[in-house]
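# Structure at a glance
This is what each chain is made of:
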Amino acid sequence: SKRLWARFDAESGGVLGADFEGAVVFSEPGRSGWAEHARFDEVAGEVVLRGGEARLVDEAQGSELRGRQIRIGTRSHDITAREKVRHTVSRKGEAGIGPLGGDEPTVLLCQEFDYVAATKTARYHEQALLRSGRDEIRAPLIEIEEPAEGARRLRAEGGVSSLMHPRPAKGEKKVPAAIETRSRELVYDEKARRIVYTGEVELRQGDILSKSPEAIVLLAADGKTIDRLLAGSPVEVRQGARSARGERGTYTPWDETLVLV
């Protein structure tokens, strides 16, 4: 930095903390950060980057975190960020599948971000938005946990809206219409390739609208096309002037068929 003030223990001479001002550069193995101001607190075990747009890059995770303030736990390895948070995540060597996949990096926007290293859980609060390519999820809270590689779990709650652009099945030229969904909660299991919407679910694709307490989207093995869509129970379906009801509904996009039972 341009200026540095350090605080020492009078008896041991050990560093208690330090303040850094002007063009601060922070680095440790695998991570780098930039900010206008920074504070190191040995007692609290943290480094705080703030001022302008603080930035933290994690080369190992392929991620970049931006915000007005970023707090790094030097012992816990927890991270928090506040105000105009933007978290960009690139899955090195793999495209990922489902809402966390795509050929482009996943971008998450919010006002408050908290990451707990012990459980590998990231929480995005206040006006949270996840964007992967053209797909989106919006909710007051989005939480992502990764207990193991390829086993991420995403949960959104508090009034969720999502937009998916499924790819056509292999050999098909017709591109499926986008799927717009509203629900109280959404849970995505990457390993099971399953998205579960619960609570007053409204799902629209083209001119078809379904309403049900729960809806489940099952992804194909590639994670980019939809195998089946299940809704119930009960389920109400509308298409223009037509309407139908049943206990359960199954929609298969490859033959554009809805079966009500």
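To start, this report covers the structure provided alongside it. (Residues numbered from 1 in each chain as written. Predicted model: local features only at pLDDT ≥ 70, side-chain atom pairs only at ≥ 80, totals over all residues. Heavy atoms only, no water.)

Scanning the protein from N- to C-terminus turns up zero helices and 16 strands. By its C-alpha atoms, the protein is 80 × 35 × 30 Å across when sized along the principal axes. When the 261 residues of the protein are sorted by exposure, 43% land in the buried category. Here the contacts in the protein between residues at least 6 apart in sequence split such that 35% fall between residues at least 24 apart. (Helix = DSSP H or I, 4+ residues; strand = E, 2+ residues; numbered from the N terminus. Buried < 20%, exposed > 50% of the residue type's maximum accessible area, 1.4 Å probe, protein only. Contact = heavy atoms within 4.5 Å.)

Of note, Ser 32 is situated in strand E3 (residues 31–41). Not counting the four nearest positions on each side in its chain, Ser 32 is found in contact with Phe 26, Ser 27, Arg 55, Leu 56, Val 57 and Glu 59.

Bringing unusual backbone geometry into the picture now. Trans is the prevailing form of peptide bonds, just as negative phi is the prevailing case for residues other than glycine. With an omega of -25°, the peptide bond between Gly 232 and Ser 233 qualifies as cis. By the secondary structure assignment, Ser 233 is in strand E14 (residues 226–239). In this model, Ser 233 is joined to Pro 234 through a cis peptide bond whose omega is 5°. A positive phi angle, near 50°, is found at Lys 84, a position not held by glycine. For Lys 120, which is not glycine, the phi torsion reads 50° and is therefore positive.

Of all hydrophobic cores here, the largest spans 46 residues; its most connected members are Leu 49, Ile 70, Phe 113, Tyr 124, Ile 142, Leu 154 and Leu 186. When residues in this core are grouped by element, the largest group, five residues, is from E14. In contact with Phe 113, not counting residues within four places along its chain, are Leu 65, Ile 79, Thr 80, Ala 81, Arg 82, Val 85, His 87, Ala 122, Arg 123 and Tyr 124. (Core = buried A, V, L, I, M, F, W, Y, C linked by side-chain atoms within 4.5 Å.)

Now for the pairing of strand E8 (residues 121–132). Of the strand pairs in this sheet, strand E7 (residues 106–116) and E8 are connected by nine bridges, and their pairing is antiparallel. For Val 107, the partnering residue across the bridge sits in E8 and is Arg 131. The hairpin turn running from E7 into E8, its antiparallel successor, is four residues long, and Lys 120 in that turn takes a positive phi close to 50°. Alignment of E8 against strand E9 (residues 135–145), held across 10 bridges, turns out to be antiparallel. Its bridge partner being in E9, Arg 131 is matched across the sheet by Glu 136. The hairpin formed by E8 and E9 contains two residues between the paired strands, and Gly 133 there has a positive phi angle of roughly 65°. (Pairing = 2+ DSSP bridges.)

Take the packing of aromatic side chains next. All told, the structure shown has one aromatic pair when counted by the stated rule. For the pair Phe 113 and Tyr 124, a centre-to-centre distance of 5.1 Å together with 45° between the ring planes defines the contact as tilted. Taken together, the positions of Phe 113 in strand E7 and Tyr 124 in strand E8 put the pair 11 residues apart, joining distant regions of the chain. Its relative accessible area of 3% is what places Phe 113 among the buried residues. Above the face of the Trp 34 ring, Arg 55 is positioned so that its terminal group lies 4.3 Å from the ring centre. (Phe/Tyr/Trp six-rings, centres within 6.5 Å; stacked < 30°, edge-to-face > 60°. Lys NZ or Arg CZ within 6 Å of the ring centre and 35° of its normal.)

Moving on, we get to the pattern of salt bridges. Close approach of charged atoms allows side chains with opposite charge to pair. One pass over the full model with this rule turns up 22 salt bridges. Glu 83 serves as the salt-bridge partner of Arg 68, at 3.8 Å between the closest nitrogen and oxygen. With Arg 68 in strand E5 (residues 63–73) and Glu 83 in strand E6 (residues 79–89), the pair connects residues that are 15 residues apart, well separated along the chain. Residue class for Arg 68 comes out partly exposed when judged on its relative accessible area of 37%. The partner of Glu 143 in a salt bridge is Arg 155, and the shortest N-O contact between them spans 3.4 Å. Within this pair, whereas Glu 143 is found in strand E9, its partner Arg 155 is found in strand E10 (residues 153–164), the two being separated by 12 residues in sequence. For Glu 143, a relative accessible area of 13% puts it in the buried group. The class for Arg 155 is partly exposed, based on a relative accessible area of 21%. Linked by salt bridges that have partners in common, Glu 53, Arg 55, Glu 64 and Arg 66 make up one network. (Salt bridge = Lys/Arg side-chain N within 4 Å of Asp/Glu carboxyl O.)

Attention shifts here to the pairing of E10. Sheet topology places E9 next to E10; eight bridges connect them, and they run antiparallel. Bridged to Glu 143 within E10 is Arg 155.

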